[in-house]
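Chain residues, written in single-letter form:
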Amino acid sequence: MMNDTDTDIALRLAAWWESNARDLPWRFGRATAWGVLVSEVMSQQTQMSRVVPYWTAWMERWPDARALAAAPKAEVITAWGRLGYPRRALRLQECARTVAERYDGELPRTYDELVALPGVGDYTASAVMSFAFGERIAVIDTNIRRVLARAFRGEESLGGSASQVEREMARRLLPESDKVSVVWNQAVMELGATVCMAKAPLCESCPIAGQCAFLRNGRPGLGQRRTRPRQRFQGTDRQVRGLVLEALRGLPSGGTLERARVERLWEDRVQLDACVASLDDDGLVEMLPDGSLRLPE
Ligand code: SF4
């Protein structure tokens, strides 16, 4: 149940969403439920604005779960491009295969069935239920948690996994009607992505600045986090794995990268070999007996 302030915030956010929502191609009923799921998987660790060209090309090529299920793995990994964390591409294809085989190519419409799909967690299942199917369900991601903690509890959100208190608050604040709850989820999330950012929230242009408990309290602990700051990219295994995959993506279809060329990609041989082995373990590359590499069939 909402009190008057909660209702006021909900109305302000809905009005703000109406005129400020970014025009992303999977929004406003223009994408299928499968398209919405693809957009959510792609945006998990990548900014939505960066996802747009990848999502558009991907959906043109593989418009539904059946099409993706039948695609060669090498093409799927190549099309994932520089979205990062490429294991997500293979998990998405596994998900497509399950949907094609078990659900006749159509995404199931219940939370329990969605969350049981490969690579689909609580957030993605809830997002699809709300954004694609218009069901009333609390969607909980980092942006939503930050906005709710700040605006309603007057506290900084410290990251880590969502606590019971946070889940209960998200459920309590969710508007009663299905349709309004969908706008609420999207508006809160969008505010977190574009206005109420982690380090430097734009309180001066925030539609709920007058009601925000965090701003009223003087923004205590702004930017503090419970989790470690993100690892630098330069010199990390992520960078090395990215270089190997980029070299493979640049080859003609079915091409192999000889060992000598692999070795030229990175100076530290121990790190390079460990990264190649981890890509092989993840099913993202195939190592041939002579040490050359190729993308999987
Ligand atoms: S006033 Fe500032 S802290 Fe409060 S919700 Fe808006 S942007 Fe976030």
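Before reading further, recall that the structure is shown in the block above.
Not measured: the values here are computed from a predicted model.

Asks: Just checking my understanding: could you explain the layout of surface pockets for this structure?
Replies: To find the voids left in a structure, one rolls a probe of water-molecule size over its atoms. The space that makes up the second largest pocket amounts to roughly 470 Å³. In terms of lining residues, the second largest pocket is bounded by 21 residues, among which Phe 28, Gly 29, Phe 131, Val 182 and Gln 186 are the most central. At five residues, the largest contribution of residues to the lining of the second largest pocket is made by helix H11 (residues 178-194). Grouping the amino acids of the lining of the second largest pocket by side-chain chemistry returns 12 nonpolar, four polar and five charged.

Asks: It is not clear to me how empty space enclosed by the protein should be interpreted in this structure. Could you clarify?
Replies: For the structure shown, the criterion picks out four cavities of 30 Å³ or more. Together, 15 residues line the largest cavity, and Cys 196, Pro 201, Cys 203, Cys 206 and Cys 212 are the ones closest to its centre. Those elements that place two or more of their residues in the lining of the largest cavity are helix H9 (142-153) and helix H12 (213-216). Top element by residues in the lining of the largest cavity is H9. It accounts for three residues. Its residues assigned to classes, the lining of the largest cavity shows 14 nonpolar, no polar and one charged. The volume enclosed by the second largest cavity comes to roughly 50 Å³. Elements with a contribution of two residues or more to the lining of the second largest cavity: H9 and helix H10 (164-173). It is H10 that contributes the most residues to the lining of the second largest cavity, four residues altogether. A class-by-class count of the residues in the lining of the second largest cavity yields five nonpolar, no polar and three charged.

Each value, and the rule that gives it
- Residues numbered from 1 in each chain as written.
- Predicted model: local features only at pLDDT ≥ 70, side-chain atom pairs only at ≥ 80, totals over all residues.
- Heavy atoms only, no water.
- 1 Å grid on protein atoms, 1.4 Å probe; cavity = no way out; pocket = protein on both sides within 12 Å on 5 of 7 lines; lining within 4 Å.
- Points joined across faces, edges and corners; volume = space filled by probe spheres on them.
- Helix = DSSP H or I, 4+ residues; strand = E, 2+ residues; numbered from the N terminus.
- Nonpolar A, V, L, I, M, F, W, Y, C, P; charged D, E, K, R; others polar.

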